[in-house]
Amino acid sequence: MNELVDKALRGMALLKVRNIRHWTDRTFSFNCDRPAGFRFRSGEFVMIGLMVEGKPLVRAYSICSPSWDDELEFYSIKVADGPLTSRLQHLCEGDEIVMRPKPVGTLVHDALLPGKRLFLFSTGTGMAPFASVTRDPETYEKFEQVVLTHTCRQVDELAYGHHLMARISGDDLLSEMVGDKLTHIATTTRETSPAMGRMTDWIRDGRLAAATGAPLDPATDRVMICGSMAMLRDHKAICEELGFVEGSNSEPGQFVIEKAFVD
Ligand code: A2P
(Lines give C-alpha, C1' and ligand atoms only; values in the text may rest on other atoms or scores of the structure.)
Protein backbone atom coordinates (compact mmCIF):
# COMPACT_ATOMS: atom_id res chain seq x y z
CA MET A 1 0.00 0.00 0.00
CA ASN A 2 2.72 2.46 1.04
CA GLU A 3 4.63 1.67 -2.10
CA LEU A 4 1.56 2.53 -4.17
CA VAL A 5 1.11 5.82 -2.35
CA ASP A 6 4.77 6.72 -2.82
CA LYS A 7 4.55 5.96 -6.50
CA ALA A 8 1.49 8.16 -6.90
CA LEU A 9 3.30 10.99 -5.09
CA ARG A 10 6.09 10.94 -7.69
CA GLY A 11 8.77 12.31 -5.39
CA MET A 12 6.48 14.84 -3.71
CA ALA A 13 6.52 15.51 0.02
CA LEU A 14 3.25 15.55 1.98
CA LEU A 15 2.90 18.61 4.23
CA LYS A 16 0.33 19.13 6.96
CA VAL A 17 -1.55 22.42 6.75
CA ARG A 18 -2.01 24.84 9.66
CA ASN A 19 -3.06 28.45 10.25
CA ILE A 20 -5.27 29.01 7.26
CA ARG A 21 -6.23 32.65 7.04
CA HIS A 22 -8.62 34.20 4.55
CA TRP A 23 -7.53 37.80 4.00
CA THR A 24 -10.16 38.82 1.47
CA ASP A 25 -12.70 36.94 -0.63
CA ARG A 26 -9.90 36.70 -3.24
CA THR A 27 -6.83 35.84 -1.15
CA PHE A 28 -5.78 33.48 1.63
CA SER A 29 -2.61 32.17 3.24
CA PHE A 30 -1.68 28.96 5.01
CA ASN A 31 1.31 27.46 6.77
CA CYS A 32 2.79 23.98 6.58
CA ASP A 33 5.37 22.12 8.63
CA ARG A 34 8.76 22.33 6.99
CA PRO A 35 10.02 18.85 6.10
CA ALA A 36 13.29 17.90 7.80
CA GLY A 37 16.21 18.54 5.49
CA PHE A 38 14.27 20.81 3.11
CA ARG A 39 16.44 23.85 2.35
CA PHE A 40 15.64 26.90 0.22
CA ARG A 41 16.88 30.43 -0.38
CA SER A 42 14.63 33.31 0.68
CA GLY A 43 12.59 34.44 -2.36
CA GLU A 44 12.43 31.04 -4.08
CA PHE A 45 9.32 29.17 -5.18
CA VAL A 46 8.26 25.52 -5.12
CA MET A 47 5.59 23.47 -6.86
CA ILE A 48 2.76 22.75 -4.42
CA GLY A 49 -0.75 21.43 -4.79
CA LEU A 50 -3.15 18.62 -4.11
CA MET A 51 -3.61 15.01 -5.08
CA VAL A 52 -6.54 15.02 -7.50
CA GLU A 53 -7.87 11.69 -8.76
CA GLY A 54 -4.66 10.00 -7.65
CA LYS A 55 -2.35 12.45 -9.40
CA PRO A 56 -0.53 15.54 -8.12
CA LEU A 57 -2.02 18.81 -9.42
CA VAL A 58 0.63 21.45 -8.69
CA ARG A 59 1.47 25.07 -9.45
CA ALA A 60 4.41 27.35 -8.66
CA TYR A 61 4.09 29.16 -5.33
CA SER A 62 6.61 31.51 -3.75
CA ILE A 63 7.56 30.59 -0.21
CA CYS A 64 6.56 33.54 2.02
CA SER A 65 8.69 32.30 4.92
CA PRO A 66 12.32 33.32 5.26
CA SER A 67 14.89 30.55 4.82
CA TRP A 68 15.44 30.22 8.60
CA ASP A 69 11.78 29.55 9.47
CA ASP A 70 10.43 26.24 10.83
CA GLU A 71 7.26 26.64 8.79
CA LEU A 72 6.50 27.18 5.12
CA GLU A 73 3.91 29.87 4.47
CA PHE A 74 2.10 30.35 1.17
CA TYR A 75 -0.11 33.24 0.03
CA SER A 76 -2.62 32.47 -2.68
CA ILE A 77 -5.22 34.02 -4.86
CA LYS A 78 -8.61 32.28 -5.23
CA VAL A 79 -9.72 31.77 -8.80
CA ALA A 80 -13.30 30.44 -8.98
CA ASP A 81 -12.60 28.20 -11.98
CA GLY A 82 -8.83 27.79 -11.41
CA PRO A 83 -7.95 24.07 -11.49
CA LEU A 84 -5.91 24.27 -8.27
CA THR A 85 -7.01 27.36 -6.32
CA SER A 86 -10.71 26.50 -6.64
CA ARG A 87 -9.82 23.42 -4.55
CA LEU A 88 -6.97 24.84 -2.46
CA GLN A 89 -9.14 27.63 -1.04
CA HIS A 90 -11.18 25.01 0.81
CA LEU A 91 -8.17 23.65 2.73
CA CYS A 92 -8.85 22.87 6.39
CA GLU A 93 -6.50 22.65 9.34
CA GLY A 94 -4.82 19.22 9.32
CA ASP A 95 -5.31 18.58 5.57
CA GLU A 96 -2.24 17.69 3.54
CA ILE A 97 -0.80 19.32 0.45
CA VAL A 98 1.93 17.96 -1.79
CA MET A 99 5.20 19.78 -2.50
CA ARG A 100 7.98 18.97 -4.93
CA PRO A 101 10.99 19.66 -2.69
CA LYS A 102 13.02 21.46 -5.38
CA PRO A 103 13.03 25.20 -4.70
CA VAL A 104 14.06 27.49 -7.58
CA GLY A 105 13.76 31.12 -8.60
CA THR A 106 15.45 34.38 -9.47
CA LEU A 107 14.16 36.67 -6.69
CA VAL A 108 17.23 35.77 -4.65
CA HIS A 109 20.29 37.66 -3.50
CA ASP A 110 22.52 35.40 -5.60
CA ALA A 111 21.01 36.89 -8.78
CA LEU A 112 21.78 40.50 -7.81
CA LEU A 113 25.04 42.40 -7.78
CA PRO A 114 25.93 44.30 -4.60
CA GLY A 115 24.18 47.67 -4.16
CA LYS A 116 23.04 50.23 -1.60
CA ARG A 117 19.24 50.24 -1.96
CA LEU A 118 17.01 47.23 -2.66
CA PHE A 119 13.60 47.89 -4.26
CA LEU A 120 10.98 45.13 -4.06
CA PHE A 121 8.07 45.96 -6.40
CA SER A 122 4.93 43.83 -6.06
CA THR A 123 1.27 43.76 -6.99
CA GLY A 124 -1.40 41.45 -5.54
CA THR A 125 -0.04 38.07 -4.44
CA GLY A 126 3.32 39.09 -5.93
CA MET A 127 4.03 40.27 -2.39
CA ALA A 128 4.64 36.59 -1.39
CA PRO A 129 8.37 36.21 -2.15
CA PHE A 130 9.06 39.57 -0.53
CA ALA A 131 7.52 38.41 2.74
CA SER A 132 10.48 36.04 2.67
CA VAL A 133 13.19 38.45 1.45
CA THR A 134 12.21 41.19 3.94
CA ARG A 135 12.71 38.78 6.86
CA ASP A 136 16.09 37.47 5.74
CA PRO A 137 19.15 38.82 7.61
CA GLU A 138 21.16 38.76 4.36
CA THR A 139 18.89 41.52 2.99
CA TYR A 140 20.00 43.93 5.72
CA GLU A 141 23.62 42.80 5.66
CA LYS A 142 23.78 43.56 1.93
CA PHE A 143 21.66 46.73 1.66
CA GLU A 144 21.51 50.04 3.51
CA GLN A 145 17.89 50.70 2.53
CA VAL A 146 15.08 48.32 1.52
CA VAL A 147 11.88 49.58 -0.10
CA LEU A 148 8.91 47.20 -0.40
CA THR A 149 6.05 48.40 -2.57
CA HIS A 150 2.68 46.67 -2.80
CA THR A 151 -0.02 47.84 -5.17
CA CYS A 152 -3.51 46.34 -5.19
CA ARG A 153 -6.86 47.30 -6.61
CA GLN A 154 -8.56 47.60 -3.21
CA VAL A 155 -7.62 48.57 0.33
CA ASP A 156 -8.45 45.20 1.91
CA GLU A 157 -5.96 43.46 -0.42
CA LEU A 158 -3.13 45.35 1.27
CA ALA A 159 -3.79 43.56 4.59
CA TYR A 160 -1.22 40.79 4.10
CA GLY A 161 1.54 43.38 3.63
CA HIS A 162 0.45 45.43 6.64
CA HIS A 163 0.37 42.25 8.71
CA LEU A 164 3.90 41.40 7.53
CA MET A 165 5.13 44.79 8.75
CA ALA A 166 3.41 44.21 12.10
CA ARG A 167 5.04 40.78 12.37
CA ILE A 168 8.46 42.35 11.78
CA SER A 169 8.01 45.20 14.24
CA GLY A 170 6.42 42.89 16.82
CA ASP A 171 9.35 40.48 16.84
CA ASP A 172 12.38 41.56 18.89
CA LEU A 173 14.97 39.76 16.77
CA LEU A 174 13.46 40.79 13.43
CA SER A 175 12.93 44.41 14.39
CA GLU A 176 16.49 44.68 15.64
CA MET A 177 17.80 43.17 12.40
CA VAL A 178 15.65 45.43 10.20
CA GLY A 179 16.11 48.61 12.26
CA ASP A 180 14.96 51.62 10.24
CA LYS A 181 16.13 50.21 6.90
CA LEU A 182 12.76 48.96 5.63
CA THR A 183 10.14 51.25 4.03
CA HIS A 184 6.73 49.87 3.09
CA ILE A 185 4.76 51.73 0.41
CA ALA A 186 1.23 50.36 -0.05
CA THR A 187 -0.94 51.81 -2.80
CA THR A 188 -4.36 51.15 -4.29
CA THR A 189 -5.61 51.83 -7.78
CA ARG A 190 -9.36 51.34 -7.68
CA GLU A 191 -10.35 52.40 -4.17
CA THR A 192 -9.48 55.56 -2.30
CA SER A 193 -6.61 55.19 0.18
CA PRO A 194 -3.87 57.43 1.59
CA ALA A 195 -1.49 56.46 -1.25
CA MET A 196 -2.85 55.79 -4.69
CA GLY A 197 -1.63 54.75 -8.13
CA ARG A 198 0.46 52.18 -9.93
CA MET A 199 4.12 52.09 -8.90
CA THR A 200 5.15 52.38 -12.54
CA ASP A 201 3.49 55.83 -12.47
CA TRP A 202 5.16 56.68 -9.15
CA ILE A 203 8.56 55.90 -10.69
CA ARG A 204 7.87 57.97 -13.79
CA ASP A 205 6.39 61.05 -12.10
CA GLY A 206 8.92 61.25 -9.24
CA ARG A 207 6.64 60.19 -6.37
CA LEU A 208 8.86 57.17 -5.63
CA ALA A 209 11.99 59.31 -5.64
CA ALA A 210 10.29 61.75 -3.25
CA ALA A 211 9.24 58.92 -0.92
CA THR A 212 12.63 57.21 -0.88
CA GLY A 213 15.11 60.08 -1.18
CA ALA A 214 16.44 59.61 -4.72
CA PRO A 215 15.37 58.37 -8.17
CA LEU A 216 16.13 54.78 -9.20
CA ASP A 217 19.75 54.51 -10.28
CA PRO A 218 21.54 51.38 -11.54
CA ALA A 219 24.76 52.60 -9.92
CA THR A 220 23.33 52.21 -6.41
CA ASP A 221 20.00 50.38 -6.64
CA ARG A 222 18.94 46.77 -7.13
CA VAL A 223 15.40 45.73 -8.01
CA MET A 224 13.21 42.64 -7.61
CA ILE A 225 9.81 42.61 -9.34
CA CYS A 226 6.88 40.22 -8.84
CA GLY A 227 3.36 40.54 -10.22
CA SER A 228 1.22 39.94 -13.30
CA MET A 229 2.71 39.61 -16.78
CA ALA A 230 1.63 43.17 -17.67
CA MET A 231 3.13 44.57 -14.47
CA LEU A 232 6.42 42.72 -15.06
CA ARG A 233 6.60 43.95 -18.64
CA ASP A 234 6.10 47.59 -17.65
CA HIS A 235 8.48 47.53 -14.67
CA LYS A 236 11.10 45.72 -16.72
CA ALA A 237 10.80 48.34 -19.49
CA ILE A 238 11.35 51.13 -16.94
CA CYS A 239 14.39 49.35 -15.48
CA GLU A 240 15.88 48.87 -18.92
CA GLU A 241 15.21 52.50 -19.91
CA LEU A 242 17.13 53.52 -16.80
CA GLY A 243 20.06 51.27 -17.76
CA PHE A 244 19.47 48.39 -15.33
CA VAL A 245 20.69 44.98 -16.56
CA GLU A 246 18.61 41.87 -15.80
CA GLY A 247 20.28 39.28 -13.57
CA SER A 248 20.02 35.52 -13.19
CA ASN A 249 21.43 32.91 -10.85
CA SER A 250 24.30 32.22 -13.25
CA GLU A 251 24.91 35.90 -14.07
CA PRO A 252 23.91 38.35 -11.33
CA GLY A 253 22.63 41.74 -12.49
CA GLN A 254 20.83 44.86 -11.35
CA PHE A 255 17.22 43.68 -11.51
CA VAL A 256 15.32 40.37 -11.46
CA ILE A 257 11.70 39.45 -12.20
CA GLU A 258 9.28 36.62 -11.53
CA LYS A 259 5.67 36.02 -12.45
CA ALA A 260 3.24 35.81 -9.52
CA PHE A 261 1.11 32.69 -9.40
CA VAL A 262 -2.01 33.14 -11.56
CA ASP A 263 -4.54 30.31 -11.40
P1 A2P B 1 -4.94 48.84 -12.05
O2 A2P B 1 -6.10 48.75 -11.12
O3 A2P B 1 -4.65 50.25 -12.52
O4 A2P B 1 -5.03 47.87 -13.20
P5 A2P B 1 -4.28 42.74 -11.16
O6 A2P B 1 -5.28 42.25 -10.14
O7 A2P B 1 -4.90 43.11 -12.48
O8 A2P B 1 -3.06 41.88 -11.28
O9 A2P B 1 -3.78 44.13 -10.56
C10 A2P B 1 -3.18 44.23 -9.30
C11 A2P B 1 -2.64 45.63 -9.16
O12 A2P B 1 -1.58 45.79 -10.12
C13 A2P B 1 -3.67 46.70 -9.47
O14 A2P B 1 -3.53 47.72 -8.54
C15 A2P B 1 -3.29 47.12 -10.87
O16 A2P B 1 -3.62 48.46 -11.18
C17 A2P B 1 -1.81 46.96 -10.87
N18 A2P B 1 -1.29 46.78 -12.22
C19 A2P B 1 -1.87 46.06 -13.20
N20 A2P B 1 -1.14 46.12 -14.33
C21 A2P B 1 -0.07 46.88 -14.04
C22 A2P B 1 1.05 47.32 -14.80
N23 A2P B 1 1.18 46.97 -16.09
N24 A2P B 1 1.98 48.08 -14.19
C25 A2P B 1 1.83 48.43 -12.90
N26 A2P B 1 0.79 48.07 -12.13
C27 A2P B 1 -0.16 47.29 -12.69
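It should be noted that the structure appears before, not after, this text.
The structure contained in this document is the topic of the report that follows. None of the values given here were measured: they were computed from a predicted structure.

1. Here we look at the overall build of the chain
For the chain, the helix and strand inventory stands at nine helices and 11 strands. Against the compact-globule benchmark of 18 Å for 263 residues, the chain has a radius of gyration of 18 Å, which places it among compact chains. C-alpha atoms of the chain, sized along the principal axes, occupy 60 × 40 × 35 Å. A buried classification covers 51% of the 263 residues belonging to the chain. A separation threshold of at least 6 residues defines the contact pool for the chain, and within that pool the share at least 24 residues apart is 73%. With the model as given, the accessible surface of the chain reaches about 12300 Å², and the carbon-plus-sulfur share is 51%. Distance from the positive charge centre (30 side chains) to the negative charge centre (37 side chains) of the chain: 5 Å.

2. Focus on the sheet that holds strand 10 (residues 221-227)
Within the open sheet, the five strands sit side by side as 9-8-7-10-11. Their pairing is parallel. Two strands lie at the open edges of the sheet, namely strand 9 (182-188) and strand 11 (255-259), each paired on one side alone. Each strand of the sheet is rotated relative to its neighbour by a mean of 10°, with strand direction disregarded. Across seven bridges, the pairing between strand 7 (residues 117-123) and strand 8 (residues 145-152) is parallel. Considered in strand 8, the bridge of L120 is made with L148. Taken strand by strand, helix 5 (residues 159-169) contacts strand 8 and strand 9, and its axis lies near 160° from that of strand 9. The sheet strands contacting helix 9 (residues 229-241) are strand 7, strand 10 and strand 11, and the helix crosses strand 10 at an angle near 165°.

3. Quick look at the site of the ligand
Around the ligand sit T123, T151, C152, R153, T189, R190, R198, T200, S228, A230, M231 and D234, and those are all the residues in its vicinity. One nitrogen or oxygen atom from the side chain of R153 is found 2.9 Å from an oxygen atom belonging to the ligand. Here the ligand, which alone exposes 550 Å², has 82% of that area covered by the protein. For the shell around the ligand, the secondary structure elements donating two or more residues are strand 8 and helix 9. The greatest single-element share of the shell around the ligand, amounting to three residues, is contributed by helix 9. Considering only residue class, the shell around the ligand consists of three nonpolar, five polar and four charged.

4. Observations regarding the pattern of salt bridges
Evaluated as defined, the whole model comprises 12 salt bridges. Between E138 and K142 there is a salt bridge whose closest N-O contact spans 2.7 Å. Taken together, the residues span about one helical turn, with E138 and K142 both in helix 4 (residues 137-142) at a distance of four residues. According to the relative accessible area criterion, K142 is partly exposed, its value standing at 41%.

5. Observations concerning the sheet that holds strand 2 (residues 27-33)
Strand order across the open sheet formed by six strands is 4-3-6-1-2-5, with antiparallel pairing between neighbours. Only two strands of the sheet have a single partner each, and these edge strands are strand 4 (55-62) and strand 5 (71-77). Here the average twist between neighbouring strands, direction ignored, is 40°. Pairing between strand 2 and strand 5: seven bridges, direction antiparallel. The partner of T27 across the bridge, within strand 5, is I77.

The rules behind these values
- Residues numbered from 1 in each chain as written.
- Predicted model: local features only at pLDDT ≥ 70, side-chain atom pairs only at ≥ 80, totals over all residues.
- Heavy atoms only, no water.
- Helix = DSSP H or I, 4+ residues; strand = E, 2+ residues; numbered from the N terminus.
- Rg over C-alpha atoms; globule rule 2.2 N^0.38 Å.
- Buried < 20%, exposed > 50% of the residue type's maximum accessible area, 1.4 Å probe, protein only.
- Contact = heavy atoms within 4.5 Å.
- Areas by Shrake-Rupley, 256 points an atom, 1.4 Å probe, with all protein chains shown as cover.
- Lys, Arg positive; Asp, Glu negative; His and termini not counted.
- Charge placed at Lys NZ, Arg CZ, Asp CG, Glu CD.
- Pairing = 2+ DSSP bridges.
- Axes fitted to C-alpha atoms, helices over the stretch in contact; angles between N-to-C directions.
- Near = heavy atom within 4 Å.
- Polar contact = N/O pair within 3.5 Å; in protein donor to acceptor, adjacent residues only side chain to side chain.
- Nonpolar A, V, L, I, M, F, W, Y, C, P; charged D, E, K, R; others polar.
- Salt bridge = Lys/Arg side-chain N within 4 Å of Asp/Glu carboxyl O.

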